[in-house]
Every structure is written in C-alpha cells, then in structure tokens.
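# Descriptive structure summary
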Amino acid sequence: MSDYVVGKVIGVYGDSIDVVLDNYSNEIGVPENMVININTELGPEPILIGQPGTFLKIQISNGMLLCMVSGIKMRDTTSNNTDSISVELPNRILTLVPFGTINENNIFEKGSDVLPTINNYVYAVSSKTINTIYSNFSEGNFNLGKLSLMPQQDALINLDSFLSRHGAILGQTGSGKSWTVASFLQKIANLEQSTVVLLDLHGEYKNAFGDYADYIDASSLELPYWLMNCEELLDLMVDRNETAAPNQTALFKTLLQQSKQNHPENQLLNIPKINVDTPVYFDFDEILNQFRRLDTEMVEGSRGPKKGDFNGQFSRLLTRIDSKLNDVRYNLIFKPQIYNTSASMSDLFRKILGEEENPKKIVIIDMSPIPFDVRTSVISLLLRCFFDFCYWYKKINEESYPLAIFCDEAHLYLNEYDSSSKSARLSAERIAKEGRKYGSSLTIISQRPREVSATILSQCNTFLCLRITNPDDQSYVKRLLPDSLASITTMFSSLRRGECILLGDSVIMPTRIKIDKPNPTPDSEDTSFYKKWNTPHQEVDIPSVLNAWRKQKV
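My aim in this report is to walk through the structure given alongside it, one point at a time.

The rules behind the values
- Residues take numbers from 1 onward in each chain, read along the sequence in its written order.
- Local features in a predicted model are, by the rule used here, given only for residues with pLDDT of at least 70; side-chain atom pairs are given and counted only at 80 or more, and totals for whole chains, interfaces and linings are based on all residues.
- Note that water and hydrogens are dropped before the side-chain values are worked out from all heavy atoms of the structure.
- Under the scheme used here, helices are H or I runs from DSSP no shorter than 4 residues and strands are E runs no shorter than 2 residues, and both carry numbers assigned from the N terminus.
- Relative accessibility thresholds used throughout: buried, under 20% of the residue-type maximum; exposed, over 50%; partly exposed, between the two (1.4 Å probe, protein chains only).
- Contacts were defined at the residue level, with two residues in contact if any of their heavy atoms lie within 4.5 Å.
- All accessible-area figures derive from a Shrake-Rupley calculation using a 1.4 Å probe, and residue coverage is judged against the displayed protein chains alone.
- Counting rule applied: Lys, Arg positive; Asp, Glu negative; His and chain ends not counted.
- Charged side chains are reduced to one point each, which is NZ for Lys, CZ for Arg, CG for Asp and CD for Glu.
- Every patch collects residues that have over 30% relative accessible area and no salt bridge, joining them within 9 Å if they carry like charges and within 5 Å if they are nonpolar side chains (Val, Leu, Ile, Met, Phe, Trp, Tyr).
- Basic side-chain nitrogens of Lys or Arg form a salt bridge, by our definition, when they fall within 4 Å of a carboxyl oxygen of Asp or Glu.
- Pairing between strands requires that DSSP locate at least two bridges from one strand to the other.
- Whether two aromatic rings pair depends on their centres lying within 6.5 Å, for rings of Phe, Tyr and Trp, where Trp uses its six-membered ring; planes under 30 degrees apart make the pair stacked, over 60 edge-to-face, and the rest tilted.
- Here the expected span of a helix is defined as 1.5 Å times the quantity of residues minus one.
- Directions pointing from the helix axis toward each C-beta atom define the arc.
- Axis definition: a line fit to C-alpha positions, over the contact stretch in the case of helices; interaxial angles, taken between N-to-C directions, run 0 to 180 degrees.
- Handedness of a crossing is defined here by the sense of rotation of the near helix relative to the far one, left-handed for an anticlockwise turn of less than a right angle and right-handed for a clockwise turn.
- The nonpolar class holds Ala, Val, Leu, Ile, Met, Phe, Trp, Tyr, Cys and Pro. Asp, Glu, Lys and Arg form the charged class, and all remaining residues, Gly among them, are polar.
- In protein, a polar contact means a hydrogen-donor-capable atom and an acceptor-capable atom, both N or O and within 3.5 Å, with residues adjacent in sequence counting only if both atoms are side-chain atoms; elsewhere, any N or O pair within 3.5 Å suffices.
- Working definition: roughly parallel below 35 degrees, roughly antiparallel above 145 degrees, roughly perpendicular at 65 to 115 degrees, and oblique for all remaining angles.

### A word on the overall build of the protein chain
Within the protein chain, the regular secondary structure consists of 16 helices and 22 strands. With 554 residues in all, the protein chain has 51% of them scored as buried. Restricting to contacts in the protein chain with at least 6 residues of sequence separation, those with at least 24 account for 67%. When the accessible surface of the protein chain is totalled, it reaches about 27,800 Å², and 48% of it is carbon and sulfur. Taken as two groups, the 55 positive and 67 negative side-chain charges of the protein chain have centres that lie 4 Å from each other.

As structure tokens, this is what we get:
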C-alpha cells in the first residue's frame, strides 16, 4: 500500500506538531527497530521512521501536509487491564515541523492554510514522492550531493534562487566549508557558460578547478588608485576626526575634478561631464604637489610675508599619504605599471572577469599574499567594480550579466564590528541590497557568522549550514531563520564533515545533505601531527623560509 499509516497527531502548536507512533501489528504501525517497508512499483522500500531530518505526511482537508522530523522521545503511559494490573505502555513521540502541502494532483506548494487536528493520520513518505518534489522545484538537474538519510536521492536545488537572492555557507573550522565550496563551484563549472569570482583568503583553491579556472595572485594584480571613487580615496588619506579634515576633503575633491578633466587622454574620450567618481586616469602626484605647495605657501602681507590660508593644514595628510606611497605593499594601488591609462581599464576588467583570449568560468583571486590592512582596500575596490560593471552592462544591453562572487572567510573583511573593514563591508552591502536587480550575486563563506555584517546576512535567502557547535554562532544563525525553522538548528552540532542542512529559497524544504566530494580537493586538509612526527627528522631549511617571508613571495 502506498499510504502506510505510522501514527496519529496528538498535539498541534502552530510551528510544530506532535505525533505518536502506532505499535506494529498486522503489518501496520512502526516496529521497534523503527524501519518499515512500503510497497512501490519496484517492490518493497525500507524507510527509517523518526530519524531527525526525515519526512512524514499528515492528512488534512485539502491534501497532505509534508513535515520534517525534528525530534523524537519516549513517554511511558500506565494502563489498567481487566484484572486491575497496571501495564507500562511506551509511546514514541515525534516532533514535526510542517513545510508545505501536497494537493490532490500530487503537486507540492510551500506553506499551508490548514493545519491538522488531533487524531489525524500520519503516513510514511516514499523516496519517489521526495524525488518528484525536488525535481519539480529545482528547474534543472543541479545537485550538491545526496540526501543524508535517503542516499539514493539527489539533493537537487534551484541554482537561480541560491545565487540571485544571495546565499551563505556557514560552518566551523573542519566542518567541510572548503570541500563544499570546491564541490559547488566544480558543478557550476560544468555548465556551458558561467562567470564566478572566488576571493581566496588562504590560497586553498589554486588547483581545485583545473582548466576551468584562472588563478590570479592578488599581489601581482594592479588595482590602480584612479579606479577608486572619491570616497574610497578619501578613506585612504583623510582622518575624519582631524580638525582640518573638512578643508582637506573639499580641496581634494576640487583638485581631483580638475586633474581628471584636464588630462589629455580623458579629453579625447567624448565624456560629456567628468566628475570626481568617473573611472578615468589622473595624475596623483600632480594633486599631491598642489597639497604640498599650499601646505607651505607664504603670501605677501601688509608687514611682509605671512602664512597662506592653508599653510600647515595638510601636513598630517601628506604624512599619511607618503607613508603609503613608500610602503611597497601599496604599490599595486599607487604605482601601477600596466594599468596606467584610461584605455587600460578594458584589459583589467577582462582579466578579473575571466574574459581574456581564453575565457575561464572561474576566476580565483588569491588574497593570501596581501597584508590585512591593504587587503580591505583591494577587496572594497574589487566588489565595487564588479557591481558597477553589472549595473552598466544591464543599462546598455537591457539584460543582466550574471556574475557570482564567493567571499571566503568573509568575517575577516566584512566584519560588523571592525572599523578597518568599513570600505569592503559597504561595497558588499550594496551588492547584497541591490545586486539581484543587475545580476551580481554574493555568497558569504564564514566560520564566524555572528561577526559578519548583519545587513549582508539579512539579505541572504539561502543558508548552507555545516557543523556549528559554538552556542553563540548557533543562536545567531537561529535568529536569522524563520521561527518555524528554529528547531532545526539543534542538528547543527551533530553534522558530519561535508554534511549540511540547506535552508531557504533555493530548496523546496529544509534538507540534510551529504555534499559530493570535490575532485580535485582544495588544499585545506588538516596537518597530521601524528604522521608527521612519526617520520625521521629532516633538517629545516630555515633560510629559505625567512627569505620568502622577507620578500613576501615564494
């Protein structure tokens, strides 16, 4: 029989339902081993009942209510027989979370207008039913792995929903984040055409995607100052708390506008009006020389030479700028050798979008060689450039340029509480809030979700949650989810490596998934102290390590 009764409803609480399982008798109910067999077209199918993450359905007036098991407990009840002898009868109680309705035409729809009442029958759910629901929703054959508790069932997702409405991959160290990201992007790379940018903070993914990917060492990637907008340049130079900050800001904007407008190349670009944010080349030294002149300017007074109006106003500003100009770590911004004309902007964008002569589907930008204080400026500029490109692409083509940006270790540079992360965080928040309209997608990857910008995570509509044991992180993720899904967070701490709970718009219902193993795997394996320390001693080449350290280069 296709509708195998396993129990009945004994409690309804709005966001959860309690069910008591029937004792097994005459091939109905649930045996003590919790495994039943239901008849299918291919023969009997064994189904485990009561395991958190599995599915059951409940009879309601307009069809069947599909639910996920979130918990199970045993309750003893006392009964008196005809001989007045008390007998202990164990009751197995399941807690279910309702997700949607299967109507008379076997079509699944999220949510329900009707909840069951006491004594409504509860039925087992076949793998065929689950497969039909996932297949109809996914709009394609994109899957991340297998359902953990139904290994024969592909974990199909709606890729459009995951990317267009932004997503988050969350999990503690060792839970399988890198594994998951590599597997996810390898499957995306199998599509006919894709454009993905991965910000790789630890250099883990260089060899994970083969010929599909273009690897860029960020220390050798020039992101010239003239691509920055006015606010980004001011953030690098001006201390907003300084009393002279208003004068510094006002003068810089004036000089910046003049420098961009007067540059000979820019005058040939046929731009009706160049403003301070127009991405065209300008001579930074020319502006600095003007600041230096005004900072030391002496003018003629009634009693002889006197200090000019701006004399001494820019000393600290010039000191800050000079410190960055003399810092070789900032050469990729302030001393471009390749991208030093307005015309070179096209070549730069071809490179970072993987659109060079041999197009690539994935662009890996390895941020590991860049010091932290420089990294934030680089990431901020990259994110803003990606958004602006997608914005103007749609303006002129009346269709989107789908671009997916994966931000590894996002808590390090999209931090809610670190003021040094402000520029990168604001750029990412703009993509999170407006990117969907222009085809730019953001996927956050983090082991510390509570430190990531709340604005960004609040815009993520799909959460791929691996093992999370930290109670603060668990409670934070719990607050991001609807109340009806809160109980599912209790499963986070018991997940295996590479196993996750997928929640949100990209999946028809919360799903426990075993992620497919990536091939090849990223370079993120834990160090085996036991194996390493059980090998014969080898002399350490300390000078080569120190030399690479000093040069910041392998």
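### Re a nonpolar patch on the surface
Where nonpolar side chains cluster on the molecular surface, the patch consists of Val540, Ile542, Leu546 and Trp549 and spans about 430 Å² of accessible area. Mapped onto the fold, Trp549 is located in helix α16 (residues 542–551). Trp549 sits in the exposed class, given a relative accessible area of 62%.

### Describing the pairing of strand β19 (residues 440–446)
Along β19, seven of the seven residues are buried, which leaves the element largely enclosed by surrounding structure. Here β19 shows no split at all, with Ser440, Leu442, Ile444 and Ser446 on one side and Ser441, Thr443 and Ile445 on the other all buried. Direction of pairing for strand β12 (residues 167–170) relative to β19: parallel, over a ladder of four bridges. When the sheet's bridge partners are listed, Ala168 is paired in β19 with Ile444.

### Digging into the packing of aromatic side chains
Tallying each qualifying case throughout the model produces 23 aromatic pairs. Residues Tyr225 and Phe282 carry aromatic rings whose centres are separated by 5.1 Å and whose planes lie at 80 degrees to one another, so their mutual orientation is edge-to-face. Pair noted here: Tyr225 is in the loop between β14 (213–217) and α4 (230–237) and Phe282 is in the loop between α6 (264–267) and α7 (284–295), with a separation of 57 residues, a long-range link. The residues Tyr225 and Phe282 share a single accessibility class, namely buried.

### A look at the pairing of strand β2 (residues 17–21)
Of all five residues making up β2, five are buried, and the element is well covered by its neighbours. In this sheet, β2 lies alongside strand β1 (residues 5–12) in antiparallel orientation, the contact comprising five bridges. Residue pairing in the sheet places Val9 in a bridge with Val19 of β2. What sits between the antiparallel neighbours β1 and β2 is a turn of four residues, in which Gly14 has the positive phi angle 90 degrees.

### Observations concerning α7
For α7, built from 12 residues, the straight-helix expectation of 16 Å at 1.5 Å per residue is met to within 8% by its first-to-last C-alpha distance of 17 Å. All of the buried residues in α7 are Phe284, Ile287, Leu288, Phe291, Leu294 and Asp295. Down the axis of α7, the buried side of the element spans an arc of 125 degrees, and every buried residue falls inside it. Looking at the packing, one finds that the buried side of α7 touches α4, α5 (245–262), α8 (315–325) and α9 (331–334).

### Focus on the sheet that holds strand β13 (residues 196–200)
The strand order across the open sheet built from 11 strands is β11-β10-β22-β21-β20-β12-β19-β18-β13-β17-β14, with neighbouring strands paired in mixed fashion. Edge positions in the sheet fall to β11 (150–156) and β14, since each of these pairs with one other strand and no more. Averaged over neighbouring strand pairs, the angle between their axes works out to 25 degrees when direction is ignored. Alignment of β12 against strand β20 (residues 462–465), held across four bridges, turns out to be parallel. Across the sheet, the residue bridging to Leu170 is Cys465, located in β20. Against the sheet, helix α1 (residues 127–138) contacts β10 (143–147), β11 and β22 (511–515), and its axis sits at roughly 15 degrees relative to β11.

### A few points about a positive patch on the surface
Together, Lys394, Lys395, Arg436 and Lys437 make up a positively charged patch on the protein surface. Position of Lys394 among the secondary structure elements: in helix α11 (residues 372–397).

### With respect to the packing of α7 against α8
At their nearest, the axes of α7 and α8 sit 10 Å apart, and the two run at 145 degrees to each other. The two elements α7 and α8 meet at a crossing, and its hand is left-handed. The residues of α8 that touch α7, namely those facing Phe284, Leu288, Phe291, Arg292 and Asp295, are Ser315, Leu317, Leu318, Ile321, Asp322 and Leu325. Grouping the constituent residues of the contact of α7 with α8 by class yields seven nonpolar, one polar and three charged.

### Comments concerning helix α3 (residues 177–189)
Counted at 1.5 Å a residue, the expected span for α3 with its 13 residues is 18 Å, and the 18 Å between its end C-alpha atoms agrees. Counting buried positions along α3 yields 13 of 13 residues, so the element is predominantly enclosed.

### So, unusual backbone geometry
Note the cis peptide between Asn519 and Pro520, where omega equals 5 degrees. A positive phi angle is found at His166, which is not glycine, with a value near 65 degrees. Looking at the element boundaries, His166 is found in the loop between α2 (159–164) and β12. Positive phi values are uncommon outside glycine, yet Glu398 reaches one of about 60 degrees. For Glu398, a relative accessible area of 72% corresponds to the exposed category.

### So, the environment of Asn33
Counting through the fold element by element, Asn33 comes out in the loop between β2 and β3 (35–40). Polar contacts involving the side chain of Asn33 include one to the main-chain amide nitrogen of Val35, which spans 3.1 Å.

### Structural notes on the environment of Ser164
Relative to the elements of secondary structure, Ser164 occurs in helix α2. Of the residues examined, Ser164 reaches a relative accessible area of 30% and is grouped as partly exposed. For the pair formed by Ser164 and Pro402, sequence separation is 238 residues and the distance between their alpha carbons is 8.7 Å. At 2.5 Å, the side chain of Ser164 forms a polar contact with the backbone oxygen of Asp160.

### Overview of the packing of α5 against α7
The interhelical angle for the contact between α5 and α7, taken along N-to-C directions, is 140 degrees, at an axis separation of 10 Å. Here α7 runs oblique to α5, going by the angle between their axes. The hand of the α5/α7 crossing is right-handed. In contact with Gln248, Leu251, Phe252, Leu255, Leu256 and Ser259 of α5, α7 contributes Phe284, Glu286, Ile287, Gln290, Phe291 and Leu294. Across the contact of α5 with α7, the residue classes tally to eight nonpolar, three polar and one charged.

### Concerning the pattern of salt bridges
Within this structure, the stated rule accounts for 19 salt bridges. With a shortest N-O distance of 3.4 Å, Glu297 and Arg293 are connected by a salt bridge. Take Glu297: its relative accessible area is 25%, and that puts it in the partly exposed class. Owing to a relative accessible area of 42%, Arg293 belongs among the partly exposed residues under this scheme. Each of the salt bridges in this network shares a partner with another, and the network as a whole consists of Glu232, Arg384, Asp388 and Arg430.

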